[in-house]
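Listed below, chain by chain, are the residues.
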Amino acid sequence: MRLSPDEIVYWQYGPIKLNATIVFTWGIMLVLAIGSMIITRRLQPGHKRSRWQNLLEIIVTGIEAQIGEIGLSSPRQYVGFLGTIFLFIAFSTLCTVIPGFESPTGSLSTTIALALCVFVAVPFYGIKEKGLGSYLKSYVKPTFIMLPFNIISEISRTMALAVRLFGNMMSGAMIIAILFTITPFLFPIIMTLFGLLTGLVQAYIFSVLAAVYIAAATVTHKTKTEPKTEEQ
Amino acid sequence: MIIDWFVIAAQAFNFLLLIWLMKRFLYKPILKAIDAREKLIAEKLADADRKEAAAQAEQKEFQQKNEEFEQRHAELLSQATSEAESQRRRLLNEASEEADNLRAKRQEMLIHDAQKLDRAIGLRTQEEVFAIARKALADLSSDSLEERICEVFTRRLRDMGSEEKERLIKALSAQSGTAQLNSAFELSQAQRNNMQKTLGELFPTEIRLKFKTVPELIGGIELVANGHKIAWNIADYIASLEESVDRLIKEGRSNEP
């Protein structure tokens, strides 16, 4: 039984390989990028606009609102990163209804890559907001003894992000494959629908957790600066 | 399960590339369009606020002007009413004065006409009386009317009372014996001599007479000396006749509706 689309290799030259994960990721990237390009090419700033523009505006403003609700003060600068995570995972999940499509998020390599991006983005935004010294100090809070625990926490939660997404997506695909062999007609359809739901929930969870981590890395700075701004 | 680091790196790169693509083709244009729309809406709202403020200001100005106009209208109406009232009174007064003047003129004209008529009646009566008397005297005797008048006047002088005679003597002496004899008709020389003779018999002093013809005496004759006068004429009779004619005319007018 195949557990990951990584196992489907189309072309390989030494360590460099072109497997289904990369190919379907490119496919998703192409569809998202070209679709966005086509829709946003004729945007109307007025009240009369196309339904596709309305859809994209709803998605973008919804993402921005969610980020704002999580606690990030200026949500617009995080929309690019967090929104893309959500859209990539959600679109990958939705495309599983296409026969023959292998979701890239079913590959541990993809989920690790996404988790690593979050792992890098958290200190990036933390340093950007708070400065390097202030961000590094957050690892020794409340006491210096907490430093190893904080580092472990950073790594483990990144791992958890990757494994959670991979486990959910892989398990869903595996359940469908198993059921397909047992009851080939009804149950795989129902489970595919469940898989869609699970995949969308996972996309939401992944992006919200990433937002929470970024917010945790930047929130201290905010609480300290607020009194200063009041004094000014 | 194998973790393929090349695939991880490739997927990380792909993801970063996707972030860039999505920012380039999705987020920026969409957020830009949303911002432009919000700006447009904000501008429209601000414009609407400005217009509302301007409309309110214009409404206030209009109300103020309307009130001023109403006030001015009321003032002008009141002024025009008072002017019309004064004009009406003035015109009424003028009309009343004019009517009074016309009435006075008419009355004056009527009086003048009546006087003229009276005079005409008097003259006509005189002429008629003279004509009748002359005719009667001519029929009855050979004396003329003028002779009879002279005779009556002579008798009057002779029948004069002593007191009257004394006053006449004083008047004649004050005018150094000169007197004037006025008559309605031209006296003949014989009648003049007769008069001179009668006066010479009645008064001790010599009296120089000046004869003058005065038609207004109406068939009479009078002796005037220093304001004192002795006369006989038929004017008294005619005056009495005029009075009775006047009375008759007035009675006729009062009986008119």
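Calculation rules
- Residues numbered from 1 in each chain as written.
- Chains lettered and ligands numbered in written order.
- Predicted model: local features only at pLDDT ≥ 70, side-chain atom pairs only at ≥ 80, totals over all residues.
- Heavy atoms only, no water.
- Helix = DSSP H or I, 4+ residues; strand = E, 2+ residues; numbered from the N terminus.
- Rg over C-alpha atoms; globule rule 2.2 N^0.38 Å.
- Patch = residues over 30% accessible without salt bridge, like charges linked within 9 Å, V, L, I, M, F, W, Y side chains within 5 Å.
- Areas by Shrake-Rupley, 256 points an atom, 1.4 Å probe, with all protein chains shown as cover.
- Salt bridge = Lys/Arg side-chain N within 4 Å of Asp/Glu carboxyl O.
- Lys, Arg positive; Asp, Glu negative; His and termini not counted.
- Charge placed at Lys NZ, Arg CZ, Asp CG, Glu CD.
- Phe/Tyr/Trp six-rings, centres within 6.5 Å; stacked < 30°, edge-to-face > 60°.
- Buried < 20%, exposed > 50% of the residue type's maximum accessible area, 1.4 Å probe, protein only.
- Contact = heavy atoms within 4.5 Å.
- Buried area = accessible area lost by both parts, 1.4 Å probe.
- Nonpolar A, V, L, I, M, F, W, Y, C, P; charged D, E, K, R; others polar.
- Expected span 1.5 Å × (residues − 1).
- Polar contact = N/O pair within 3.5 Å; in protein donor to acceptor, adjacent residues only side chain to side chain.

Caption draft 1: Main features of the overall build of chain B. Within chain B one finds five helices and four strands. Listing the helices and strands of chain B from first to last along the sequence gives α-α-α-β-α-β-β-β-α. For chain B, whose C-alpha radius of gyration is 62 Å, the value lies well above the compact-globule estimate of 18 Å for 257 residues. For chain B, the C-alpha atoms occupy an extent of roughly 200 × 45 × 30 Å along the three principal directions.

Caption draft 2: A look at a positive patch on the surface. On the surface, a cluster of positive charge is contributed by K128(A), K23(B), R24(B) and K28(B). The dominant element in the positive patch, judged by the number of residues it contributes, is helix α1 (residues 5-140) of chain B, at three residues. Mapped onto the fold, K128(A) is located in helix α4 (residues 108-130).

Caption draft 3: Structural context of the packing of aromatic side chains. All told, the structure shown has eight aromatic pairs over all chains when counted by the stated rule. An angle of 15° between the planes, with centres 6.4 Å apart, marks the rings of W11(A) and Y13(A) as stacked. Judged by relative accessible area, which is 62%, Y13(A) ranks as exposed. Pairwise contacts between aromatic rings join Y78(A), F81(A), F88(A), F124(A), Y125(A) and F15(B) into one cluster.

Caption draft 4: Region of the structure containing unusual backbone geometry. The omega angle of the peptide bond from K141(A) to P142(A) is 0°, so this bond is cis rather than trans. With respect to the helices, strands and loops of the structure, P142(A) is situated in the loop between α5 (132-137) and α6 (147-182). Look at N226(B): it is not a glycine, yet its phi comes out positive at around 50°. Looking at where N226(B) falls in the secondary structure, it is placed in the loop between β3 (221-225) and β4 (228-232).

Caption draft 5: Representation of the interface of chain A and chain B. Listed per partner, the contact involves 47 residues of chain A and 31 residues of chain B. Where chain A abuts chain B, roughly 3,500 Å² becomes buried across the two surfaces, and 77% of that area is made up of carbon and sulfur atoms. Ranking the residues of chain A by area buried against chain B places M29(A), R76(A) and T84(A) at the top, with a combined share of 15%. Counting across the chain A and chain B interface gives three salt bridges. R37(B) is the salt-bridge partner of E57(A), the closest N and O atoms lying 2.6 Å from each other. Every element with two or more residues in the side of chain A that touches chain B is listed here: β2 (16-19), α1 (20-41), α2 (51-70), α3 (76-94) and α4 of chain A. Top element by residues in the side of chain A that touches chain B is α1(A). It accounts for 10 residues. By residue class, the composition of the side of chain A that touches chain B is 26 nonpolar, 15 polar and six charged.

Caption draft 6: Summary view of helix α2 (residues 145-158) of chain B. Compared with an ideal rise of 1.5 Å per residue, which puts 14 residues at 20 Å, α2(B) spans 20 Å between its outermost C-alpha atoms and is within 8% of the ideal. Regarding α2(B), the residues found buried are L145(B), I149(B), C150(B), F153(B), T154(B) and L157(B).

Caption draft 7: Layout of the side chain of D6(A). All names here are of chain A. Tracing the sequence through the fold places D6 in the segment before β1 (9-13). Despite its burial, D6 remains without a salt bridge, the nearest opposite charge being carried by K17 at 7.5 Å. One polar contact links D6 to S107, side chain to side chain, over a distance of 2.9 Å. Separated by 2.8 Å, the side chains of D6 and S109 make a polar contact.

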